Amino acid sequence: AGPMALPCAMLPGPLQAVAPGPMQVPTVASGPGREGPSLQVGDRVVVRSVPKHAGSLAVVEASEGATVRIKLENPKEGVSRLMVAPGHLEAVDPQRPVPTPGGARTPEPLPLAVGIKPPPLAPGPPLHVGAKVRILASAILPKFAGKVANVDVVNVGDGTNRARLRLQATFSVHDGFIPTGGTFLREVMTVEDAKVKCALMGGRGFTFAGPDTAGPVKVFMKNKWELQGSGWTSYRLEEDSDLPPRILLHPMHLELC
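Cut-off values and rules
- Residues numbered from 1 in each chain as written.
- Predicted model: local features only at pLDDT ≥ 70, side-chain atom pairs only at ≥ 80, totals over all residues.
- Heavy atoms only, no water.
- Helix = DSSP H or I, 4+ residues; strand = E, 2+ residues; numbered from the N terminus.
- Contact = heavy atoms within 4.5 Å.
- Areas by Shrake-Rupley, 256 points an atom, 1.4 Å probe, with all protein chains shown as cover.
- Core = buried A, V, L, I, M, F, W, Y, C linked by side-chain atoms within 4.5 Å.
- Buried < 20%, exposed > 50% of the residue type's maximum accessible area, 1.4 Å probe, protein only.
- Patch = residues over 30% accessible without salt bridge, like charges linked within 9 Å, V, L, I, M, F, W, Y side chains within 5 Å.
- Salt bridge = Lys/Arg side-chain N within 4 Å of Asp/Glu carboxyl O.
- Pairing = 2+ DSSP bridges.
- Axes fitted to C-alpha atoms, helices over the stretch in contact; angles between N-to-C directions.
- Phe/Tyr/Trp six-rings, centres within 6.5 Å; stacked < 30°, edge-to-face > 60°.
- pLDDT = per-residue confidence, 0-100.
- Arc of directions from axis to C-beta.
- Polar contact = N/O pair within 3.5 Å; in protein donor to acceptor, adjacent residues only side chain to side chain.

Chemist: Would you mind going over the overall build of the protein chain with me for this structure?
Modeler: On a plain count of helices and strands, the protein chain comes out with one helix and 17 strands. Taking contacts inside the protein chain between residues at least 6 apart in sequence as the whole, the part at least 24 apart equals 59%. For the protein chain, the accessible area works out to roughly 14100 Å², and carbon and sulfur atoms hold 56% of it.

Here is the structure:
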């Protein structure tokens, strides 16, 4: 099996769309001995020290680690985007145009804001592996809002401080039992543990004798769904076909359950 594809929620701000596929963008990672301006998504900048692109106007699209992704307003040689360190850029003021040798007019660069850092992201709750969390409405993709997940990795180590989450499957509870046949696991466990195992092992649901309970019960895990009788409790795994099993999110979008 190939590597697991994870939806990427870039932070900060609303610019966190999922790219449709890998985008080949030339990278100029090291700055020319300076830190560069403090930039935000949507800022217009002038490229100052990148060969072939010096003097080009661009718009900041995203922040990715120590670099920013910019979209050139006038692509050159088929290159429309660059990944550059902020030290190669200068912020521009659209209200102060200045003449250029060719008669065109470009915005005048503003002074560099050397050493100025954007405000830090809200830290979010303290996480640990296995922690149960709920995704807040502030998350980039609305379909994840309200979903419950478990923390697989506290920090994925890519510089964004994001955690890797395993989304919990959705189950509906029913009175009755799943009849004989299709049992692939018979074990004493809690309902919460049974939900995790059923989802990970590809089951359709599980059933146990008696009313619903938080304590351990003898669970019959099933690869089929059919309901009969009463006096038993059965859980059915509902399909969330549009949701991936795992996602990456910053803790600021989470709350502990």
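After presenting the structure, the write-up continues.
Chemist: Help me out: how do you make sense of the nonpolar core in this one?
Modeler: One broad trend across soluble globular proteins is that nonpolar side chains are buried collectively. Judged by nonpolar contacts, the single largest core of 14 residues is most densely connected at Leu39, Val45, Ile70, Leu82, Val84 and Leu89. Of all the secondary structure elements, the ones that give two or more residues to this core are strand 2 (44–47), strand 3 (57–64), strand 4 (67–76), strand 5 (79–84) and strand 6 (89–99).

Chemist: Is there a simple way to explain a nonpolar patch on the surface in this structure?
Modeler: Nonpolar side chains collect at one region of the surface, where Phe184, Val196, Leu200 and Met201 lie side by side and expose about 350 Å² of accessible area between them. Examined against the element boundaries, Phe184 turns out to sit in strand 12 (residues 183–189). Note on Phe184: relative accessible area 31%, which makes it partly exposed.

Chemist: Could you clarify how one ought to interpret the sheet that holds strand 9 (residues 148–153) in this entry?
Modeler: In sheet architecture, strand pairing relies on hydrogen bonds along the backbone and comes in two forms, parallel and antiparallel. In space, the five strands of this open sheet follow the order 16-10-9-8-17, with antiparallel pairing throughout. Every interior strand has two partners, whereas the edge strands, strand 16 (246–249) and strand 17 (254–256), have only one. With direction set aside, neighbouring strand axes in the sheet form an average angle of 45°. Taken together, the four bridges between strand 10 (residues 163–167) and strand 16 define a ladder with antiparallel strand orientation. Counted as the bridge partner of Arg166 is Arg246 from strand 16.

Chemist: Would you take a moment to explain the packing of aromatic side chains for this structure?
Modeler: Two aromatic rings are characterised by how far apart their centres lie and by the angle between their planes. Evaluation of the coordinates by the stated rule reveals five aromatic pairs. Clustering of aromatic rings is evident, with ring pairs tying together Phe171, Phe206, Phe208 and Tyr235.

Chemist: I keep staring at the sheet that holds strand 14 (residues 217–222) and nothing clicks. Help me out?
Modeler: Pairing is antiparallel across the open sheet formed by five strands, whose spatial order is 11-15-13-14-12. At either end of the open sheet lies a strand with only one pairing partner, and these are strand 11 (171–177) and strand 12. Mean inter-strand twist for the sheet, computed between neighbouring axes without regard to direction, equals 25°. Sheet topology note: the strand 11/strand 15 (residues 228–237) ladder contains six bridges and is antiparallel. Paired with Val173 across the strands is Tyr235, a residue of strand 15.

Chemist: When you look at the confidence of the model for the protein chain in this model, what are you seeing that I'm missing?
Modeler: The predicted coordinates of low-pLDDT regions are not to be read in fine detail. With 71% of its residues at a pLDDT of at least 70, the protein chain reaches an overall mean of 75. Considering only residues more than four positions removed or in separate chains, one finds that residues 27–33, a stretch of pLDDT under 50, has 15 contacts. Low pLDDT (under 50) marks residues 96–118, which in the prediction has 47 contacts with non-local residues, meaning those over four places away or in another chain.

Chemist: I'm lost on the pattern of salt bridges in this one. Help?
Modeler: Close approach of charged atoms lets side chains of opposite charge pair. Going through the model one piece at a time under the given rule, you end up with eleven salt bridges. Here Glu255 makes a salt bridge to Arg134, at a shortest N to O gap of 3.5 Å. Placement of Glu255 in strand 17 and of Arg134 in strand 8 (residues 132–135) is noted, with a sequence separation of 121 residues between them. Salt bridges sharing partners connect three or more residues here, namely Asp152, Arg164, Arg166 and Arg246.

Chemist: Help me understand helix 1 (residues 191–200), please; the structure alone is not making it clear to me.
Modeler: Since the α-helix packs 3.6 residues into each turn, any two residues three or four apart lie on the same face. Residues of helix 1 that are buried include every one of Val191, Ala194 and Cys198, and no others. The arc that holds every buried residue of helix 1, seen down its axis, measures 50°, which confines them to one face. Elements in contact with the buried residues of helix 1: strand 11, strand 12, strand 13 (205–209), strand 14 and strand 15. Within two residues after helix 1, Gly202 carries a phi angle of roughly 80°, on the positive side.

Chemist: It is not clear to me how the side chain of Thr207 should be interpreted in this structure. Could you clarify?
Modeler: Tracing the backbone shows Thr207 in strand 13. One polar contact links the side chain of Thr207 to the main-chain carbonyl oxygen of Thr233, over a distance of 3.3 Å. There is a polar contact of 2.9 Å between the side chain of Thr207 and the side chain of Ser234. If near-sequence neighbours (up to four positions away) are discounted, Thr207 is found in contact with Gly176, Phe177, Ile178, Lys218, Val219, Phe220, Lys222, Trp232, Thr233 and Ser234.

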